[in-house]
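Residue-level listing of the chains:
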Amino acid sequence: MVAALGLAAMNAAANEPQNSTPQQVFDGMRKSFRAEKAKGLRVRYQFNLRGPNGGDWFIDVNDGTFRMNRGGIDNPNVTFIASDKDWVALSNGKLNGTWAFLTGRLKIRGDHRLARKLNEIFP
């Protein structure tokens, strides 16, 4: 179930420099958005990251468009909870998403099917 999550793929291109902060991860996700994969989809993602570079971010996907910002969003479909360092490691392919989930380093609340869609929308 979680193996298909593929969070490691959020680093859009292998030749790009590795992200070092959650903000860089989210900035990279902005650039990798695939509108065709989000067509007809309505989903709200919340990210709660703890640590010195942590904080809250959200992504609101609405029929081929998205809105992303720091802060919270009402009624998220999926909430990802992790440390800032683990989130960055996931995005850089240094931490396996399945392993992080099974060991409690990544918590996913809400619809796991929609959680897996994140990687399709933001490869």
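Within every chain, residues take consecutive numbers counted from 1 along the sequence as written. Where totals are concerned, whole chains, interfaces and linings use all residues; where local detail is concerned, this predicted model gives features only for residues with pLDDT of at least 70, and gives and counts side-chain atom pairs only at 80 or more. Excluding hydrogens and water, the side-chain figures rest on all heavy atoms present in the structure.

Asker: Explain the packing of aromatic side chains here, please?
Answerer: Centre distance and the angle of the planes are the two values used to describe a pair of aromatic rings. Pairing of aromatic side chains requires ring centres within 6.5 Å, counting the rings of Phe and Tyr and the six-membered ring of Trp. Pairs whose planes differ by under 30 degrees are stacked, by over 60 edge-to-face, and all others tilted. Counting across every chain of the model gives 10 aromatic pairs. Ring centres of F33 and F122 lie 5.3 Å apart, and the angle between their planes is 45°; this geometry places the pair in the tilted category. One end of the pair, F33, is in the loop between helix 1 (22–32) and helix 2 (35–38); the other, F122, is in the segment after helix 5 (112–121), with 89 residues separating them in the sequence. F122 matches F33 in its accessibility class, with the two residues each being buried. Relative to F80, the ring of F47 has its centre 5.2 Å away and its plane inclined at 15°; by these criteria the two rings are stacked. Taken together, the positions of F47 in strand 1 (residues 42–50) and F80 in strand 4 (residues 78–83) put the pair 33 residues apart, joining distant regions of the chain. Every helix listed is a DSSP run of H or I at least four residues long, and every strand listed is a run of E at least two residues long, numbered separately from the N terminus. Under the scheme applied here, a residue whose accessible area is under 20% of the maximum for its type counts as buried, over 50% as exposed, and between as partly exposed, the area being computed with a 1.4 Å probe on protein chains only.

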